[in-house]
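Coordinate inspection notes
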Amino acid sequence: MNCAVALERPLLIKGEPGTGKTLLARHVAEGLAMPMLAWHIKSTSKAADGLYVYDTVQRLNDSRFGGGDVSDINHYIKLGPLGQAFAATERQVLLIDEIDKADLEFPNDLLRELDEMRFTIIETGAEIVAQKRPVVVITSNNEKELPTPSCAAASSTSSSSPMRH
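Now for a quick tour of the structure. (Residues numbered from 1 in each chain as written. Predicted model: local features only at pLDDT ≥ 70, side-chain atom pairs only at ≥ 80, totals over all residues. Heavy atoms only, no water.)

Ranked by size, the top nonpolar core spans 25 residues in total, and within it Leu 82, Phe 86, Ile 96, Phe 106, Leu 110, Phe 119 and Ile 138 carry the most contacts. Breaking this core down by element, the ones donating at least two residues are β2 (36-40), α3 (47-51), α5 (81-87), β5 (93-97), α6 (106-116) and β8 (135-140). Ignoring sequence-local partners within four residues, the contact set of Phe 106 consists of Trp 39, Ile 41, Ser 45, Lys 46, Ala 47 and Ile 99. Residues Leu 11, Val 28, Ala 29 and Val 135 belong to the second largest nonpolar core, which totals twelve residues. (Core = buried A, V, L, I, M, F, W, Y, C linked by side-chain atoms within 4.5 Å. Buried < 20%, exposed > 50% of the residue type's maximum accessible area, 1.4 Å probe, protein only. Helix = DSSP H or I, 4+ residues; strand = E, 2+ residues; numbered from the N terminus. Contact = heavy atoms within 4.5 Å.)

Here the largest pocket is characterised by a volume of approximately 160 Å³. Lining the largest pocket are Ala 48, Asp 49, Leu 51, Tyr 52, Val 53, Tyr 54, Glu 113, Phe 119, Thr 120, Ile 122 and Glu 123. Listing elements by their share of the lining of the largest pocket, those giving two or more residues are α3, β3 (52-54) and β6 (118-120). Classifying every residue of the lining of the largest pocket by side-chain character gives seven nonpolar, one polar and three charged. (1 Å grid on protein atoms, 1.4 Å probe; cavity = no way out; pocket = protein on both sides within 12 Å on 5 of 7 lines; lining within 4 Å. Points joined across faces, edges and corners; volume = space filled by probe spheres on them. Nonpolar A, V, L, I, M, F, W, Y, C, P; charged D, E, K, R; others polar.)

A positive phi angle is found at Ala 33, which is not glycine, with a value near 55 degrees. Here Ala 33 is to be found in the loop between α2 (21-31) and β2.

The subject of this paragraph is the pairing of β2. Of the two faces of β2, the one lined by Leu 37 and Trp 39 is fully buried and the one lined by Met 36, Ala 38 and His 40 carries no buried residue. Bridge analysis of β2 against β5 gives five bridges, and the strand direction is parallel. Counted as the bridge partner of His 40 is Asp 97 from β5. (Pairing = 2+ DSSP bridges.)

As for its placement among the helices and strands, Met 1 is situated in the segment before α1 (2-7). Along the chain, Met 1 and Val 135 lie 134 residues apart, while their C-alpha atoms are 9.6 Å from each other. Discounting chain neighbours no more than four positions away, the residues touching Met 1 are Leu 11, Leu 24, Val 28, Val 135 and Val 137.

With that settled, the discussion passes to the packing of aromatic side chains. For the structure on display, the rule yields three aromatic pairs. On the basis of an interplanar angle of 55 degrees and a centroid distance of 5.5 Å, the ring pair of Trp 39 and Phe 106 is categorised as tilted. With Trp 39 in strand β2 and Phe 106 in helix α6, this residue pair connects regions lying 67 residues apart in the sequence. Note on accessibility: Trp 39 and Phe 106 belong to one class, buried. Relative to Phe 119, the ring of Tyr 52 lies with its centre 6.2 Å away and its plane at 10 degrees, an arrangement referred to as stacked. A residue pair is termed long-range when its members are at least 10 positions apart, and Tyr 52 in strand β3 and Phe 119 in strand β6 qualify at 67 residues. (Phe/Tyr/Trp six-rings, centres within 6.5 Å; stacked < 30°, edge-to-face > 60°.)

Everything listed here is a matter of geometry and, on its own, says nothing about what the molecule does.
If you want it as structure tokens, here you go:
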């Protein structure tokens, strides 16, 4: 864990359910006196949701019924846990919990963002860049094998994947 914090690289922790992987992230946050964000992955989770969600339904509803300022699209952009960690002004611990519950390509979809610590909100063109690299702890229950990083996503990373321990 100390190496991941010092090198500012994500740490993947694999193990059986109930062995304390999630608790480790909480203890790291407490020990380093950093706020912690948790992103609990489900089978329906999409990598983009961790960055941000554009609430088109709310914007349409506000447009139709006059409930908000639809001229400013930023009112309808909600940062996900990864986006919040990048946008934070102080360093945070980000737990990506049970990454193996998502579809097979989910981890590869996050490689570039985790490596570069930046992403673009497509609807506005705004770029979110981490001012302080978060301490990223990724857990896996070993329910299924994680994919080998894809060539395109891994091309911007070093020879070892940021998701490997």
